[in-house]
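# Examining the three-dimensional arrangement
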Amino acid sequence: MLVGDRPQLPVTPAIEDPPIAHVMPDLNPGSSTTPSATGCAEKSTQPLHIQHIWIVTGPAGCGKSTVGKALQQELGVPFLEGDDYHPQLNKEKMGRGTPLTDEDRWDWLVVLRKAAIDALAPSSERNSPAGVVVACSALKQKYRDVMRVAAYGSPSVQIHFIYLRLDEDVLMERVRARQQHYMKSGMVRSQLATLEEPKDEWDVITINVQGSAEEVQQRVHDAVTAKLAEYV
Ligand SMILES: Nc1ncnc2c1ncn2[C@@H]1O[C@H](COP(=O)(O)OP(=O)(O)OP(=O)(O)O)[C@@H](O)[C@H]1O
Ligand SMILES: O=C(O)[C@H](O)[C@@H](O)[C@H](O)[C@H](O)CO
């Protein structure tokens, strides 16, 4: 299977990651789809309760937090702000104007992925939510692949990336106008240099985020509604 292709069930993890894979909770105890001995999914009469992980991606300043929080309100699911999961050293590094490396991002992505899985797990205090929204730059395809592992082995969990596309000049304007954030406009160019725009990745929805926050939110709403309709 090529990276970014839609996996067929049952899914064999393309990335070896035993600690997470082995602790994946059974998110769907009443699942309607049961893998058979031959490896083919068998249908039962119960509806499949799908949990959707919506990962809002793109470079600093594209609007991940703004879009993510609005989507959280709309869907009534938890929201994880990826920036909050960076170790302090990463934040200090970015604050000094030094771009993160693959190594700096690796543990952050794994921790954020686990937090997303945990947010889906049922607890005694509330019912299992229908999903979670995560703001995470996920600039490179291999970073998105790290996050994709969250859905591996759990047919009831679906992962979607919402890539917010914006030109450099508008990105720069938005980051410059933003107050009290460690990420300054000088980092925008390096974010774009690192960015691998998703192409032919079946689980990515690209949204043009030029325009007002309301216009952008409407586009996101339409795209998410259309995606959810595929599961009805
Ligand atoms: N559609 C929009 N039009 C104008 N300004 C916007 C729009 N969306 C977001 N902003 C503003 O742009 C700035 C960056 O947005 P936001 O913080 O949501 O981006 P981000 O991708 O989460 O950034 P970072 O990754 O650096 O945390 C904020 O000040 C926000 O209020
Ligand atoms: O991968 C990265 O370089 C980082 O995640 C950044 O994108 C920041 O966390 C974020 O944009 C905060 O401004």
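Residues numbered from 1 in each chain as written. Chains lettered and ligands numbered in written order. Predicted model: local features only at pLDDT ≥ 70, side-chain atom pairs only at ≥ 80, totals over all residues. Heavy atoms only, no water.

With the rule as written, the count across this model stands at twelve salt bridges. Arg148 is the partner of Asp145 in a salt bridge, and the nearest nitrogen-oxygen pair spans 2.7 Å. Here Asp145 and its partner Arg148 are both found in helix H5 (residues 141–148), three residues apart, which amounts to about one turn of the helix. For the pair Asp145 and Arg148, one class covers both residues: buried. The salt bridge involving Arg165 is made with Glu197; its shortest N-O contact spans 3.0 Å. Placement of the pair is Arg165 in strand S6 (residues 157–165) and Glu197 in the loop between helix H7 (188–194) and strand S7 (204–208), with a sequence separation of 32 residues. By relative accessible area, which is 33% here, Arg165 ends up partly exposed. Assessed through its relative accessible area of 30%, Glu197 is described here as partly exposed. Bridged by salt links that share partners, the residues Arg144, Asp145, Arg148, Glu201 and Asp203 form one connected network. (Salt bridge = Lys/Arg side-chain N within 4 Å of Asp/Glu carboxyl O. Helix = DSSP H or I, 4+ residues; strand = E, 2+ residues; numbered from the N terminus. Buried < 20%, exposed > 50% of the residue type's maximum accessible area, 1.4 Å probe, protein only.)

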